[in-house]
Amino acid sequence: MKVIRTVEELKSVVGALKAEGKSVGLVPTMGALHDGHVSLMEKARGDNDVVVVSVFVNPTQFNNPDDLRTYPRTEEADCARMRDAGVDIAFIPSVEEIYPEPDNRVFDLGKVAEVMEGTMRPGHFNGVAQIVSKLFRMVEPTRAYFGEKDFQQIAVIRRMVEIEGFKNLEIVDCPIKREADGLALSSRNVRLTPHQREIAPNIHRIMVESLDKARDCSVEEVKRSVIDAVNAYPEMDVEYYEIVNAADMQPITDWSQATQAVGCITVYLGDVRLIDNIKYTI
């Protein structure tokens, strides 16, 4: 595996490979890699001739300075995971390399970015669009891979690809990877105390139980049951639970409003912010 730290070298190396007719899969990450990330790398490995993984904690997508400060950074372990997964190129740049000058672009991301995370984390999705668009221009991948845990983010990235005019680029969304007890894998999980880690899987359990309720209950009743059940744990606080139309991320009030309804939740467990989602089939 080749470790690259400059944009110039990245473009040179990947450009030469593409000139040979090789397909390139890109997995953008913020590091602190876990088995969920590895599943994206393995999917990219199976689909492409060359796999590029970026590791960059992007400051423009953090609206909370403490979250940026405490985000885990584990470069040595990350490199070991990438090597084991068969990654060809690890792109690990500095902030100065990615942002030699401020990125003042504002993206017209539309309604997919105006709800849920867009409401709770102002500027977050614009920062995501900034860094992902930069990576797409640097690498010019054939395919790019994203995990469905960040379900709304994938819709935002598809919108960014549309408005920025990236041609012949396939966005590949990959299933959520979970621990054996159901907890969605996340780099933030390492910040949970042992007691919090014991409680955290109840988020997924409660959402799974809501699938049965959806057959007989209204959207609002299902939402309220999930929120109340999670909040029944004193350590947990639901920031939001929305059931949305997967096509446009807009909240629904009736099951008939979506061919695919998705429940998206954000929960504070102590000061750790956890997200998850589940698909309803009515």
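A.B. asks: How should helix 11 (residues 219-231) be read in this particular structure?
C.D. replies: In this model, helix 11 (13 residues) spans 18 Å end to end at C-alpha, consistent with the 18 Å of a helix rising 1.5 Å per residue. Three or more residues of helix 11 are buried, namely Val219, Val222, Lys223, Val226, Ile227 and Val230. The buried residues of helix 11 occupy an angular sector of 130 degrees when projected down its axis, which confines them to one face. Among the structural elements, helix 10 (202-213), strand 7 (236-245), strand 8 (261-269) and strand 9 (272-280) are those in contact with the buried residues of helix 11.

A.B. asks: For this particular structure, what's the right way to read the sheet that holds strand 9?
C.D. replies: Strand pairing in a sheet relies on backbone hydrogen bonds, with the paired strands running either antiparallel or parallel. Taken in spatial order, the three strands make up an open sheet running 7-8-9, and their pairing is antiparallel. At either margin of the open sheet sits one strand with a lone partner, and together these are strand 7 and strand 9. Strand-to-strand twist across the sheet, computed as the mean angle between neighbouring axes with direction ignored, equals 15 degrees. Summarising the sheet, strand 8 and strand 9 pair through nine bridges and their orientation is antiparallel. Across the sheet, glycine 263 pairs through a bridge with isoleucine 278, a residue of strand 9.

A.B. asks: Just checking my understanding: could you explain the nonpolar core for this structure?
C.D. replies: Within soluble globular proteins, side chains that are nonpolar generally end up buried alongside one another. Residues Leu10, Val52, Phe136, Met160 and Ile171 are the most contacted members of the largest nonpolar core, which totals 46 residues. For this core, the leading source of residues is helix 7 (residues 124-139), giving nine residues. Discounting chain neighbours no more than four positions away, the residues touching phenylalanine 136 are Leu26, Pro141, Ala144, Phe146, Ile157, Met160, Val161, Phe166, Leu169 and Ile171. In terms of nonpolar packing, the next biggest core, distinct from the first, is built from 28 residues, Ile199, Val219, Tyr241 and Tyr280 among them.

A.B. asks: So what exactly am I meant to see when it comes to the sheet that holds strand 2 (residues 24-29) here?
C.D. replies: Strand order in the open sheet formed by six strands is 1-4-3-2-5-6, and the pairing between neighbours is parallel. Edge positions in the sheet fall to strand 1 (2-4) and strand 6 (170-174), since each of these pairs with one other strand and no more. The average undirected angle you get between the axes of adjacent strands in this sheet is 25 degrees. Sheet strands in contact with helix 1 (residues 7-19) are strand 1, strand 2, strand 3 (50-55) and strand 4 (89-91), and its direction is about 150 degrees off that of strand 4. Relative to the sheet, helix 2 (residues 35-47) contacts strand 2, strand 3, strand 5 (143-147) and strand 6, its axis offset from that of strand 5 by approximately 155 degrees.

A.B. asks: Please clarify how the pattern of salt bridges should be interpreted in this entry.
C.D. replies: Think of it this way: side chains of opposite charge can pair up when their charged atoms draw near. Under the definition given, this model contains 28 salt bridges. Ionic pairing is found between arginine 178 and aspartate 276, a salt bridge with its closest N-O pair at 2.9 Å. Of this pair, arginine 178 sits in the loop between strand 6 and helix 9 (194-199) while aspartate 276 sits in strand 9; the two residues are 98 residues apart in sequence, bridging distant segments of the chain. Under the relative-accessibility criterion, arginine 178 is labelled partly exposed at 26%. Beyond isolated ion pairs, a larger network of salt bridges with shared partners links Asp67, Glu117, Arg121, Arg188, Glu239 and Arg273.

Here is what the cut-offs are and how they apply
- Residues numbered from 1 in each chain as written.
- Predicted model: local features only at pLDDT ≥ 70, side-chain atom pairs only at ≥ 80, totals over all residues.
- Heavy atoms only, no water.
- Helix = DSSP H or I, 4+ residues; strand = E, 2+ residues; numbered from the N terminus.
- Expected span 1.5 Å × (residues − 1).
- Buried < 20%, exposed > 50% of the residue type's maximum accessible area, 1.4 Å probe, protein only.
- Arc of directions from axis to C-beta.
- Contact = heavy atoms within 4.5 Å.
- Pairing = 2+ DSSP bridges.
- Axes fitted to C-alpha atoms, helices over the stretch in contact; angles between N-to-C directions.
- Core = buried A, V, L, I, M, F, W, Y, C linked by side-chain atoms within 4.5 Å.
- Salt bridge = Lys/Arg side-chain N within 4 Å of Asp/Glu carboxyl O.

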